[in-house]
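One letter stands for each residue in the lines below.
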Amino acid sequence: AASEPEAHSANLLPEAPRRHKVLVGVALAAASQLGWGLYPVFARAMQTQEPTLSLLETLLMLNSMSAAELGSFAILRRALTRRKSSTARGNVVARLSRRNLLILIGFALVIFLRATTNLASAGYAPAHWCVMINLCTPFVTAAIGTLVFKEPLPQGTVVALVVGLGGSALAIFGGVRGGQGGSHTSPLLGVGIGIAFGSSCMLAIYQHIVRRTKGLFTEDFVLALNYAV
């Protein structure tokens, strides 16, 4: 019989999806990747080009858009799901123990730091640098899983790390010799790089925490928490 930690870890793993769901998932992942690629570009433009917006103004603007998106998503989800909102709400309240409250506070702090640092890094470092540093998140996630949660390292991680870092180096440093120095020589460049890496670490921690909210909080509650923070 499997030990309790092994059984708990197995429950966190998703079931093998059907082929059409895989195709839909790949399409959504590609669209998500495109969105994350554009995100730091626009964030940097808003903070460095006239008229500039402060970090607080940028956050307020994004939060207003997120609130509208959450409302639209909630309406669609209610129309498509068969679960009753009253049941989900009761589960959340019933499981809101002191321990889970501490988990919520920690989760909210990680969400806040991720959102803030993700925007701030684009104000100090070139957008494509921020994107490439964000792409290191899967490796940080795997490292945390192995070192903290004793999860096996995914097969091919080392090879993917070498190839990924090589491609990132070409994308980051390839433009310097091409005369695109400009913002690359900013004295705050190191600050931007550090913030971007910290943001990637926050996202990696977020991935592990959100997996472990399964069975503690409903999906709707976790989604609402993200937007509320």
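Cut-offs applied
- Residues numbered from 1 in each chain as written.
- Predicted model: local features only at pLDDT ≥ 70, side-chain atom pairs only at ≥ 80, totals over all residues.
- Heavy atoms only, no water.
- Patch = residues over 30% accessible without salt bridge, like charges linked within 9 Å, V, L, I, M, F, W, Y side chains within 5 Å.
- Areas by Shrake-Rupley, 256 points an atom, 1.4 Å probe, with all protein chains shown as cover.
- Salt bridge = Lys/Arg side-chain N within 4 Å of Asp/Glu carboxyl O.
- Helix = DSSP H or I, 4+ residues; strand = E, 2+ residues; numbered from the N terminus.
- pLDDT = per-residue confidence, 0-100.
- Contact = heavy atoms within 4.5 Å.
- Core = buried A, V, L, I, M, F, W, Y, C linked by side-chain atoms within 4.5 Å.
- Buried < 20%, exposed > 50% of the residue type's maximum accessible area, 1.4 Å probe, protein only.
- Disulfide = S-S within 2.5 Å.
- Axes fitted to C-alpha atoms, helices over the stretch in contact; angles between N-to-C directions.
- Parallel < 35°, antiparallel > 145°, perpendicular 65-115°, else oblique.
- Left-handed = near helix turned anticlockwise from the far one by under 90°.
- Nonpolar A, V, L, I, M, F, W, Y, C, P; charged D, E, K, R; others polar.

1. Side note on a nonpolar patch on the surface
- On the surface, Leu109, Phe112, Leu113 and Val229 cluster together to form a nonpolar patch covering roughly 330 Å² of accessible area.
- Among the structural elements, Phe112 can be located in helix α5 (residues 98–124).

2. Observations concerning the confidence of the model for the protein
- Confidence in the prediction of the protein, expressed as mean pLDDT, is 78, and 80% of residues score 70 or more.
- At the level of individual helices and strands, the protein shows its lowest average pLDDT in helix α4 (residues 85–94), which scores 48, and its highest in helix α9 (residues 189–211), which scores 91.
- Here residues 85–90 is a poorly scored stretch, pLDDT under 50, and it has 2 contacts once near neighbours within four places are set aside; other chains count.

3. Some thoughts on the nonpolar core
- The biggest cluster of nonpolar side chains holds 11 residues, and these are Leu104, Phe107, Val110, Ile111, Met202, Leu203, Tyr206, Leu216, Phe217, Val222 and Leu225.
- Those elements giving two or more residues to this core turn out to be α5, α9 and α10 (219–228).
- In terms of residue count, α5 provides more of this core than any other element does, 4 residues in total.

4. Considerations on the state of the cysteines
- If you walk through the whole model with that rule in mind, you get 0 disulfides.
- Cys136 forms no disulfide, and the closest cysteine sulfur to it belongs to Cys201, at a distance of 9.5 Å.
- On the basis of relative accessibility, which here comes to 18%, the residue Cys136 falls in the buried class.

5. Topic: unusual backbone geometry
- The omega angle of the peptide bond from Glu50 to Pro51 is -10°, so this bond is cis rather than trans.
- With respect to the helices and strands, the residue Pro51 is situated in the loop between α2 (19–48) and α3 (55–80).
- Despite not being glycine, Lys150 shows a phi value in the positive range, around 60°.
- Relative to the assigned elements, Lys150 resides in the loop between α7 (137–147) and α8 (157–173).
- Given a relative accessible area of 66%, Lys150 falls into the exposed group.

6. Focus on the pattern of salt bridges
- Enumeration over the complete set of coordinates arrives at 2 salt bridges.
- Here Glu151 makes a salt bridge to Arg212, at a shortest N to O gap of 2.9 Å. Remark: Arg212 occurs in the loop between α9 and α10 and Glu151 occurs in the loop between α7 and α8; sequence separation between them is 61 residues.
- Using a relative accessible area of 18% as the deciding quantity, one classes Glu151 as buried.
- One network of salt bridges, with partners in common, ties together Glu151, Arg211 and Arg212.

7. Focus: the packing of α3 against α10
- As a packed pair, α3 and α10 sit with axes 10 Å apart at the nearest point and diverge in direction by 165°. Taken together, the axes of α3 and α10 are roughly antiparallel relative to one another. Crossing angle aside, the handedness with which α3 passes α10 is left-handed. In this structure, α3 uses Ser66, Glu69, Leu70, Phe73 and Arg77 to contact α10, whose residues at the interface are Glu219, Asp220, Leu223, Ala224 and Tyr227.
- When grouped by side-chain class, the residues that make up the contact of α3 with α10 number 5 nonpolar, 1 polar and 4 charged.

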